[in-house]
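Inside the fold
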Amino acid sequence: MSEIISKIKKQRTFAMIKPDGVLRGLTGEIVRRIEVCGLKIVALKMIKATREQIIAHYPMSDQAWIDRLGEKGLSTFEGLKLDPKHFLGTDNKSEIGRNVAKSLIDYMTSGPVVPMVIEGIQAVDMVRKLAGHTLPFKADMGTIRGDFSVDSPAIANVENRAIHNLFHASETLEEAVKEITLWFKPEEIMEYNRAGDDIMYSKTY
Ligand code: UDP
Ligand code: MG
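A short tour of the structure in this document, coming up.

Cut-offs and rules
- Residues numbered from 1 in each chain as written.
- Chains lettered and ligands numbered in written order.
- Predicted model: local features only at pLDDT ≥ 70, side-chain atom pairs only at ≥ 80, totals over all residues.
- Heavy atoms only, no water.
- Buried < 20%, exposed > 50% of the residue type's maximum accessible area, 1.4 Å probe, protein only.
- Helix = DSSP H or I, 4+ residues; strand = E, 2+ residues; numbered from the N terminus.
- Arc of directions from axis to C-beta.
- Contact = heavy atoms within 4.5 Å.
- Axes fitted to C-alpha atoms, helices over the stretch in contact; angles between N-to-C directions.
- Parallel < 35°, antiparallel > 145°, perpendicular 65-115°, else oblique.
- Nonpolar A, V, L, I, M, F, W, Y, C, P; charged D, E, K, R; others polar.
- Phe/Tyr/Trp six-rings, centres within 6.5 Å; stacked < 30°, edge-to-face > 60°.
- Lys NZ or Arg CZ within 6 Å of the ring centre and 35° of its normal.

**Structural notes on helix α3 (residues 27-36)**
Turning to α3, its buried residues number three or more, namely I30, V31, R33 and I34. Down the axis of α3, the sector holding all buried residues measures 155°, keeping them to one side. Buried residues belonging to α3 abut β1 (12-17), β2 (40-44), β4 (112-119), α8 (123-131), α9 (144-148) and β5 (167-169).

In structure tokens, the structure reads:
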């Protein structure tokens, strides 16, 4: 039993500061937010991602994911009273999704990124919570995207670019495992005790 519990305490997720986060000097602030809530950063580096890495990172061959990308953008045209057919020449979610995917590759390779591995109880859900909603105007205040980004997917779609939302975080444990393996070699992931681990995670009294 204790083995199962200690595995849960060491759940790992993957996150990445996107180029706009690095260029705006928000790396420290984002890392700080992850650390102060008690999560442990066990791997971190700054690199310029290649197109191949980004294509492997996002589930580009998953039609359902492409459609969801298209839907996320499409859903915001109505609120701005814009007709997607007029501005994009289509209102087909798959077609729009494919264009967003292309923009996403350009965006993610446009500057340095900071991939990292984060460890702790419920790390996947915790880091998604810290990130906030994909679309900046829907991201709650207090989240990374809510506090530091403001962009509209409809406008981004019209301008043929990705929405600039600063930060990536794995959505599920399966996604986390895949992404950690993609961005880090096992020997790049550290194991260490952080001051406070015992107070946060065990009965010390
Ligand atoms: N994205 C975009 N325009 C859209 C929808 C998504 O540029 O209309 C980008 C955005 O940078 C987002 C990324 O595609 O973070 C991946 O989308 P996903 O649906 O996986 O959202 P996330 O998991 O990042 O919240
Ligand atoms: Mg995602």
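Having seen the structure, we can now continue with the description.
**Overview of the packing of helix α5 (residues 63-74) against helix α7 (residues 93-108)**
Closest axis-to-axis distance for the α5/α7 pair is 7 Å, and the angle between their directions is 90°. Judged by the inter-axis angle, α5 sits roughly perpendicular to α7. Between α5 and α7, the contacting residues are Q63, W65, I66, D67, L69, G70, E71 and L74 on the first element and K93, S94, I96, G97, R98, V100, A101 and L104 on the second. In terms of residue class, the contact of α5 with α7 is made up of 8 nonpolar, 4 polar and 4 charged.

**What to know about the packing of aromatic side chains**
Within this structure, the stated rule accounts for 2 aromatic pairs. A ring pair is formed by F14 and W183, whose centres lie 6.1 Å apart and whose planes are at 15°; its orientation type is stacked. Here F14, found in strand β1, pairs with W183, found in helix α11 (residues 173-183); they are 169 residues apart in sequence, far enough to count as distant. Given the relative accessible area of 0%, F14 is considered buried. Between Y58 and W65, the ring centres sit 5.5 Å apart and the planes meet at 20°, which makes this aromatic pair stacked. Among the residues examined, Y58 registers a relative accessible area of 8% and is labelled buried. The positively charged end of K45 is found above the aromatic ring belonging to F184, 4.4 Å away from the centroid.

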